[in-house]
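Chain and residue survey
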Amino acid sequence: MTQYQKGILIMDYLQSLGTDMLAVGRAIDNRNLEKSYQLIRENPQITKDEFLKAMNISET
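The structure reproduced in this document is the subject of the present report. (Residues numbered from 1 in each chain as written. Predicted model: local features only at pLDDT ≥ 70, side-chain atom pairs only at ≥ 80, totals over all residues. Heavy atoms only, no water.)

A look at the environment of threonine 60
Just so we agree on the cut-off: Secondary structure elements follow DSSP: runs of H or I of four or more residues count as helices, runs of E of two or more count as strands, with numbering from the N terminus. Between buried and exposed lies partly exposed: a residue is buried under 20% and exposed over 50% of the maximum accessible area for its type, with that area taken using a 1.4 Å probe on protein chains only. It only takes one pair of heavy atoms within 4.5 Å for two residues to be counted as in contact.
Here threonine 60 lies in the segment after α4 (48-55). Given the relative accessible area of 74%, threonine 60 is considered exposed. Setting aside chain neighbours within four positions, we find threonine 60 in contact with Asp20 and Leu22.

Quick look at the structure:
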């Protein structure tokens, strides 16, 4: 899977949870992309709060 495809998958998933776009942008940033992808792959039922906490990302 390409970096672009991973970013789209992460973005779609987080938007489906109601995550704001600024937090989504942080999750798919080059520094966080792989970790975000792994979190979702390992736990496809992860909640928005669990994801944001694990990634140390806050919504505005």
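Re the packing of helix α1 (residues 3-16) against helix α3 (residues 33-42)
Let me state the cut-off plainly: Simply put, an axis is a line fit to the C-alpha atoms, just over the touching stretch for a helix, and the angle between two N-to-C directions goes from 0 to 180 degrees. Under this scheme an angle from 65 to 115 degrees is roughly perpendicular, one under 35 degrees roughly parallel, and one over 145 degrees roughly antiparallel; angles in between are oblique. Helix crossings are classified by the rotation of the near helix relative to the far one: an anticlockwise turn of less than a right angle makes the crossing left-handed, while a clockwise turn makes it right-handed. Residue polarity is assigned by list, with Asp, Glu, Lys and Arg as charged and Ala, Val, Leu, Ile, Met, Phe, Trp, Tyr, Cys and Pro as nonpolar; anything else, Gly included, falls into the polar class.
Direction vectors running N to C along α1 and α3 enclose 60 degrees, while the axes themselves pass 10 Å from each other. The orientation of α1 relative to α3 falls into the category oblique. The crossing of α1 and α3 is left-handed. Side by side, α1 and α3 meet where Gln3, Lys6, Gly7, Leu9, Ile10 and Tyr13 of the first sit next to Leu33, Glu34, Ser36, Tyr37 and Ile40 of the second. Of the residues that constitute the contact of α1 with α3, the class distribution is 6 nonpolar, 3 polar and 2 charged.

Remember, this is a structural readout, not a statement about activity or role.
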